[in-house]
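Take a look at the letters that make up each chain.
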Amino acid sequence: MTSIYALILALHSTWRWIVLIILIVSLLRFAYQKKKRLPFTPTDNFIKKAVIIAFYMQALMGIILYILSPITQYFLTHFKTAVHLRQIRFFGMEHSSMMILAAIFLLIGSLKSKNADTDDRRFKILLIWFGLALLIVLSSIPWEFSPLTSRPSFRSF
Ligand code: HEM
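These numbers come from a predicted model, not from an experiment.

Chemist: What exactly am I supposed to notice about helix α5 (residues 86–114) here?
Modeler: Each full turn of the α-helix corresponds to 3.6 residues, which orients residues three or four apart in the same direction. Taking 1.5 Å as the rise per residue, α5 with 29 residues should run 42 Å; its terminal C-alpha atoms sit 40 Å apart, in good agreement. Of all bends in α5, the biggest is about 30 degrees, found at E94. Those residues of α5 that sit buried are I88, F90, F91, G92, M99, A102, F105, L106, G109 and S113. For α5, the secondary structure elements touched by its buried residues are α2 (42–68), α3 (70–77), α4 (79–82) and α6 (119–140).

Structure below.
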């Protein structure tokens with residue numbers, strides 16, 4: 001069990017870079033297409049789907065970690081004391097709930113963009129919802145430089 005935990009933790013840590021790159025590239029692409037008044041192409045649709053798939057894979061790993069992690073287990077079994085411990089509360093509550101919120105924002109953006117009547121509006125919807133999701137993700141990652149909850153930028157497998 002411990003080795004599965006270590007493996008998923010390393011995967012979850014590494015996959016964050018893929019999620020961030022795809023999300024940022026998608027926003028740059030959508031902004032460019034919108035500015036140049038270009039149509040919403042199959043490439044844009046592919047990029048949109050890639051963001052959703054990459055993010056939901058990360059969320060799935062996160063949910064598995066939530067079940068396996070000694071930190072979240074401690075949080076769940078000692079809730080009254082753990083809720084006052086910054087690092088434990090971060091993974092038990094803040095990180096997970098904010099990332100679920102980001103997943104919902106991505107889904108709303110993706111679904112709403114499908115029903116947009118013009119391509120310009122489609123890009124605008126994606127920029128707003130994916131942009132908000134990126135802000136949430138950036139503020140909820142336990143960055144190595146964070147004085148509050150710091151985790152390594154790269155973990156070895
Ligand atoms: C539903 C969504 C998510 C859940 C439930 C979740 C859950 C967790 C949990 C429980 C841990 C702590 C594991 C431990 O140290 O024992 C963790 C760590 C972490 N999560 Fe998430 N997570 C989610 C989404 C994300 C996303 C979207 C990102 C970034 C794109 C992310 C980045 C990280 C990073 C960088 C760590 C630190 C890994 C390490 O210690 O090396 N998580 N997550």
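Right, picking up where we left off after that structure.
Chemist: Whenever I open this one, the nonpolar core confuses me. Can you help?
Modeler: Side chains of nonpolar character tend, in soluble globular proteins, to be buried together. In terms of nonpolar packing, the biggest core is built from 18 residues, with A102, L106, L126, W129, F130 and A133 touching the most fellow members. Secondary structure elements with two or more residues in this core: α1 (2–35), α2, α5 and α6. A per-element tally of this core places α6 first, with eight residues. Ignoring anything within four residues of it in the chain, the contact list for L106 reads V51, I52, F55, W129, F130 and A133.

Chemist: Teacher, can you tell me more about the site of the ligand here?
Modeler: Around the ligand, the surrounding shell holds 25 residues, and the nearest of these are S13, R16, G62, S69 and M99. For the shell around the ligand, the class distribution of residues is 14 nonpolar, eight polar and three charged.

Chemist: Is there a simple way to think about the packing of α3 against α5 in this case?
Modeler: For any two helices packed against each other, one specifies the inter-axial angle together with the distance between the axes. Contact pair α3 / α5: the axes reach a minimum separation of 9 Å and the direction vectors enclose 90 degrees. Taken together, α3 and α5 sit at an angle that is classed as roughly perpendicular. Across the interface between the two elements, I71, T72, Y74, F75 and L76 from α3 touch I88, R89, F91 and G92 from α5.

Chemist: Would you mind showing me how to read α6 here?
Modeler: Given a rise of 1.5 Å per residue, 22 residues ought to cover 32 Å, and the 31 Å separating the end C-alpha atoms of α6 matches this to within 8%. Here α6 has its buried residues at R122, F123, I125, L126, W129, F130, A133, L134 and V137. The buried residues of α6 all sit within an arc of 160 degrees when viewed along its axis, so they share a single face. Turned more than 90 degrees away from the buried face of α6, the exposed residues are L135 and S139.

Chemist: Just checking my understanding: could you explain the environment of I47 for this structure?
Modeler: Along the chain, the position of I47 falls in helix α2. The partly exposed category is assigned to I47, around which 19 C-beta atoms lie within 10 Å. In this structure, the C-alpha to C-alpha distance between I47 and S156, residues 109 residues apart in sequence, is 29 Å. When sequence neighbours within four positions are dropped, the list of residues in contact with I47 reads S26 and R29.

Chemist: Help me understand the environment of F75, please; the structure alone is not making it clear to me.
Modeler: Its place among the elements puts F75 in helix α3. Each C-alpha atom, one on F75 and one on Y56, is 24 Å from the other, the two residues being 19 residues apart in sequence. If we ignore the near neighbours within four places in the chain, the residues touching F75 are A82, I88, R89 and G92.

Rules of the game
In every chain, residue numbers begin from 1 and rise along the written sequence. Local features in a predicted model are, by the rule used here, given only for residues with pLDDT of at least 70; side-chain atom pairs are given and counted only at 80 or more, and totals for whole chains, interfaces and linings are based on all residues. Put simply, DSSP H or I for four residues or longer makes a helix, DSSP E for two residues or longer makes a strand, and each gets a number counted from the N terminus. The length a helix should cover is 1.5 Å for every residue beyond the first. We define the bend at any residue as the angle between the axes fitted to the seven residues before and including it, ending there, and the seven starting there. A residue is called partly exposed when the number of other C-beta atoms within 10 Å of its own lies between 12 and 20, exposed at 12 or fewer, and buried at 20 or more, with C-beta atoms placed from the backbone. It is the C-beta atoms, placed from the backbone, that decide contacts: two residues are in contact if theirs lie within 7 Å. By our criterion, buried Ala, Val, Leu, Ile, Met, Phe, Trp, Tyr and Cys residues that link up through C-beta atoms within 7 Å make up a nonpolar core. We call a residue near a molecule or strand when its C-beta atom, built from the backbone, sits within 6 Å of it. Amino acids are sorted into nonpolar (Ala, Val, Leu, Ile, Met, Phe, Trp, Tyr, Cys and Pro), charged (Asp, Glu, Lys and Arg) and polar (every other residue, Gly among them). Where helices are involved, their axes are fitted lines through C-alpha atoms of the stretch in contact, as for all axes, and angles between N-to-C directions lie from 0 to 180°. Orientation categories follow fixed angle ranges, with anything under 35 degrees roughly parallel, anything over 145 roughly antiparallel, 65 to 115 roughly perpendicular, and all other angles oblique. Arc definition: directions from the helix axis to the C-beta atoms.

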